[in-house]
Amino acid sequence: MSIIQVNNLRKSFGTNEVLKGIDLTITKSEVVVIMGPSGSGKSTLLRCLNFLEEPTEGVIRIGEFQVVTGGKANSKRKKEIRELRKRTGFVFQSFNLFPHKTAIENVMEGPIIIHGTKVEEARILAKALLTKVGLGDRCDYYPAQLSGGQQQRVAIARSLALNPMVMLYDEPTSALDPELVKEVLQVIKDLAREGMTMIIVTHEMSFAKDVADRVIFMDKGVIVEQGTSEEIFLKPKEERTRQFLSIVK
Amino acid sequence: MDVTIIIDSLPSLLKATLMTILLAAISIIIALVLGFFAAIVRILKVRILNGIATAYVSIIRGTPLLVQIFVIYYGLPQIGISLDPISSGVVALSLNAGAYLSESFRAAILAVDNGQMEASLSMGMTYSQALRRIILPQSLRIAIPTLSNTFIVLIKDTSLVSVITVTELLQMSSLIIAKTFEPLTIYLLAAAIYWILITFFTTILDKLEVRTSKYLVR
């Protein structure tokens, strides 16, 4: 059964239509990599899935939580959007850790505020998650005291703390120095192996080859083609895909 | 300069300084609350209140404090609102500082990176949870230097209340001078007391700024 279902998703900024009717179905434990040139709408698609951008039109269902877009911003609808967000982890390019909280406090924040978990339980959970991303010894460090790669791993742990049904990554390694990219990708790979459903916007081709069950190529607000990484990288059907790949390679 | 004049007038001056501190302290507390709510109301664009807060800030910042004091003390009794001099002073000083503080708070809240709000919302927090837990603690640190400025101005502005016969530090100085005819000594003494007060206050705020910035140290 599909865990994410997107129908006819459209998003316009003023007169500029960035997403021109996206249909997308993602099954449980699937790892989907979205690629495409800048301005193709891949980040906007991801942000729409979490309602960080309000879609102009379309329906988004994640698990059993469905939000029809374009409705009035009343409290019932706000609650629907919050319920949907609670079940999706979002990892930002710029990490967006809370700088005034330590690593472990960053991870504890969600369980305490969103799930009402007791502080001591949240601490045990957070400690376990930080250990899982290889930062068990950095619990009491502030974000400013961590490297970019470490910050991004804390951010992943922070999202995992809410036990999401799906993880969304918006160019998670684009702000990192090259030597720090690997440690973040390794954490994402480990999650893939555990069966976490993930959508990843990235330019890391070798990573996509490694973990992606499906690669989606987007351009100018539409999905141009999709398939296994082999199908897309080795024998792309569309001219636009070929052009993009020749530049990226 | 006669040392005995200093010794003789110091007790009265210090007593009047207590009035200055009292005026400043009460006004700062009211101004903080007022300024905070005005800032929140404007950031959340709360209907009607947003308009009131915007007009309030504009009027207060666009008119001299002395005129505000006169309107409150001499003007309001004409429409049946009579306040004693001290209350009038507190009202004027609080309203005045509140307007400036609301601008400080607003700027400080808007200065927090938008990614912080996005990260909070993406977890499923409500807007007010995000504001309370994530945005406001960070904006407090950003606001401290401008808060500090407003506090300094407020302490100095208490001297304007002397014109409506509140016996604070400046008013007391003038009274002593009327008896002793030693304006240089007494006014310098008053200036020194203001300077000590303000230095004491800014030192505390500087310490607070260092403390709240601890998490930024690498």
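These numbers were taken from a predicted model, which means no experiment stands behind them.

(A) Spatial organisation of the overall build of chain B. Regarding its fold elements, chain B presents eight helices and zero strands. When the helices and strands of chain B are read in sequence order from the N terminus, they spell out α-α-α-α-α-α-α-α. With the C-alpha coordinates of chain B rotated into their principal frame, the extents come out at 70 × 50 × 20 Å. Across the 218 residues of chain B, 44% fall into the buried class. Taking the contacts inside chain B whose residues are at least 6 apart along the sequence as the reference set, 77% of them involve residues at least 24 apart. On chain B, roughly 11400 Å² of surface is accessible, and the fraction owed to carbon and sulfur atoms is 70%. Taken together, the 15 basic and 11 acidic charged side chains of chain B have centroids lying 14 Å from each other.

(B) Region of interest: the sheet that holds strand S2 (residues 16–27) of chain A. Residue and element names in this part refer to chain A. The four strands are arranged S2-S1-S4-S5 in an open sheet whose pairing can be described as antiparallel. The two strands at the open ends of the sheet, each matched to only one other strand, are S2 and strand S5 (65–68). Along the sheet, successive strands turn relative to each other by an average axial angle of 15°, direction set aside. Bridge count for strand S1 (residues 2–13) against strand S4 (residues 57–62) is five bridges, and the pairing is antiparallel. Bridging from a neighbouring strand, Val-6 pairs with Ile-60 of S4. Most of the contacts of helix H2 (residues 75–86) go to S5, to which it runs at about 135°, and overall it touches S4 and S5.

(C) Inspection of the UniProt feature "transmembrane region" (unreviewed entry) in chain B at higher detail. Residues and elements named next belong to chain B. Per the UniProt entry, the sites bearing "transmembrane region" (unreviewed entry) are residues 18–41, 53–76 and 184–205 in this numbering. Spanning residues 53–76, this segment combines 83% helix with 0% strand, and its end C-alpha atoms are found 21 Å apart. Taken end to end, residues 184–205 is 100% helix and 0% strand, and its first and last C-alpha atoms sit 31 Å apart.

(D) Structural view of the environment of Ile-3 of chain A. Residues and elements named next belong to chain A. Relative to the assigned elements, Ile-3 resides in strand S1. On the basis of relative accessibility, which here comes to 8%, the residue Ile-3 falls in the buried class. As for Ile-3 and Glu-30, which are separated by 27 residues in sequence, their C-alpha atoms are 9.3 Å apart. With residues up to four places along the chain from it excluded, the contact list for Ile-3 reads Ile-26, Thr-27, Lys-28, Arg-61, Ile-62, Gly-63, Met-165 and Thr-197.

(E) Region of the structure containing the nonpolar core. Among the nonpolar cores identified, the biggest contains 50 residues, and Leu-130, Ile-156, Tyr-169, Ile-188 and Met-198 of chain A are the most heavily contacted of them. The element that contributes the greatest number of residues to this core is helix H6 (residues 178–193) of chain A, accounting for eight residues. Leave out the neighbours within four places in its chain, and Ile-156 of chain A touches Val-91, Met-167, Tyr-169, Val-184, Val-187, Ile-188 and Leu-191 of chain A. Core analysis: the next-biggest nonpolar cluster, separate from the first, contains 47 residues, Ile-26 and Ile-216 of chain A together with Ile-43 and Met-125 of chain B among them.

(F) Structural detail: the pairing of S2 of chain A. Residues and elements named next belong to chain A. Pairing between S1 and S2: nine bridges, direction antiparallel. Looking at S2, one finds that Ser-2 is bridged to Thr-27. In this antiparallel pair of consecutive strands, S1 and S2, the connection spans two residues, and Gly-14 shows a positive phi of 65°.

(G) How the structure looks around the pattern of salt bridges. All names here are of chain A. Taken as a whole and assessed by the stated rule, the structure comprises 22 salt bridges over all chains. Its salt-bridge partner being Arg-214, residue Glu-30 comes within 2.8 Å of it at the nearest N-O pair. Placement of Glu-30 in the loop between S2 and strand S3 (31–35) and of Arg-214 in strand S9 (residues 214–219) is noted, with a sequence separation of 184 residues between them. This pair shows no difference in class: Glu-30 is buried, exactly as Arg-214 is.

(H) Examining the interface of chain B and chain A more closely. Taken together, the 21 residues of chain B in the interface contact 24 residues of chain A. When the two sides are added together, the surface that chain B and chain A hide from each other amounts to roughly 2000 Å², 62% of it contributed by carbon and sulfur. Looking at the side of chain B facing chain A, the largest losses of area belong to Ser-122, Met-123 and Tyr-215 of chain B, adding up to 32% of the total buried there. At the boundary of chain B with chain A, the tally comes to two salt bridges. Where Glu-118 of chain B meets Arg-47 of chain A, a salt bridge forms, and the shortest distance between an N and an O atom there is 2.5 Å. Here chain B is connected to chain A by five residue pairs in polar contact (both at pLDDT 80 or more). Counting residues per element, the ones that place at least two in the side of chain B that touches chain A are helix H5 (114–122) and helix H6 (127–157) of chain B. It is H5 of chain B that contributes the most residues to the side of chain B that touches chain A, seven residues altogether. Among the residues forming the side of chain B that touches chain A, the class breakdown is nine nonpolar, eight polar and four charged.

(I) The environment of Gly-21 of chain A, seen in detail. Residue and element names in this part refer to chain A. In this fold, Gly-21 is placed in strand S2. For Gly-21, a relative accessible area of 21% gives the class partly exposed. Spatially, the C-alpha atoms of Gly-21 and Phe-51 are 16 Å apart, while their sequence positions differ by 30 residues.

(J) Layout of the packing of H6 of chain B against helix H8 (residues 183–212) of chain B. All names here are of chain B. Look at H6 against H8: their axes get within 10 Å of each other, and the N-to-C directions meet at 170°. Judged by the inter-axis angle, H6 sits roughly antiparallel to H8. Contacts from Arg-141, Ile-144, Pro-145, Ser-148, Phe-151, Ile-152, Ile-155 and Lys-156 in H6 reach Tyr-194, Leu-197, Ile-198, Phe-201, Thr-202, Leu-205, Leu-208, Glu-209 and Thr-212 in H8. In terms of residue class, the contact of H6 with H8 is made up of 11 nonpolar, three polar and three charged.

What counts as what
- All residue numbers refer to positions counted from 1 along the written sequence of the respective chain.
- Lettering for chains starts from A, numbering for ligands starts from 1, and both go in the order in which the items are written.
- Only residues with pLDDT of at least 70 are given local features in this predicted model, and only at 80 or more are side-chain atom pairs given and counted; all residues enter the totals for whole chains, interfaces and linings.
- The side-chain numbers reported here are obtained from all heavy atoms of the structure, hydrogens and water having been left aside.
- Under the DSSP-based scheme used, a helix requires at least four consecutive residues in state H or I and a strand at least two consecutive residues in state E, with every element numbered from the N terminus.
- For every residue, the accessible area obtained with a 1.4 Å probe (protein chains only) is divided by the maximum for its type, and the residue is called buried under 20%, exposed over 50%, and partly exposed between those limits.
- Contact criterion: two residues are considered in contact whenever any of their non-hydrogen atoms come within 4.5 Å of each other.
- Under the convention used here, a 1.4 Å probe and the Shrake-Rupley method define accessible areas, while residue burial counts only the protein chains that appear.
- Asp and Glu count as negative and Lys and Arg as positive, but His and the ends of the chain are not part of the count.
- Lys charges are placed at NZ, Arg charges at CZ, Asp charges at CG and Glu charges at CD.
- Each pair of strands is called paired provided DSSP finds at least two bridges between the two strands.
- Note on geometry: axes are C-alpha line fits, over the in-contact stretch for helices, and angles between N-to-C directions span 0 to 180 degrees.
- UniProt positions are given in the numbering used here, feature names are shortened, and annotations may be inferred rather than shown by experiment.
- Residues belong to one nonpolar core when they are buried, are Ala, Val, Leu, Ile, Met, Phe, Trp, Tyr or Cys, and are joined through side-chain atoms within 4.5 Å.
- Whenever Lys or Arg places a side-chain nitrogen within 4 Å of a carboxyl oxygen from Asp or Glu, that contact is recorded as a salt bridge.
- Buried area adds together the accessible area that both of two parts lose upon being put together, with accessible area traced by a 1.4 Å probe.
- Think of a polar contact as two N or O atoms within 3.5 Å of one another; within protein, one of them needs to be a possible hydrogen donor and the other a possible acceptor, and neighboring residues in sequence only count if both atoms come from side chains.
- Residues are grouped as follows: Ala, Val, Leu, Ile, Met, Phe, Trp, Tyr, Cys and Pro are nonpolar; Asp, Glu, Lys and Arg are charged; all remaining types, including Gly, are polar.
- Angles below 35 degrees are treated as roughly parallel, those above 145 as roughly antiparallel, those between 65 and 115 as roughly perpendicular, and all remaining angles as oblique.

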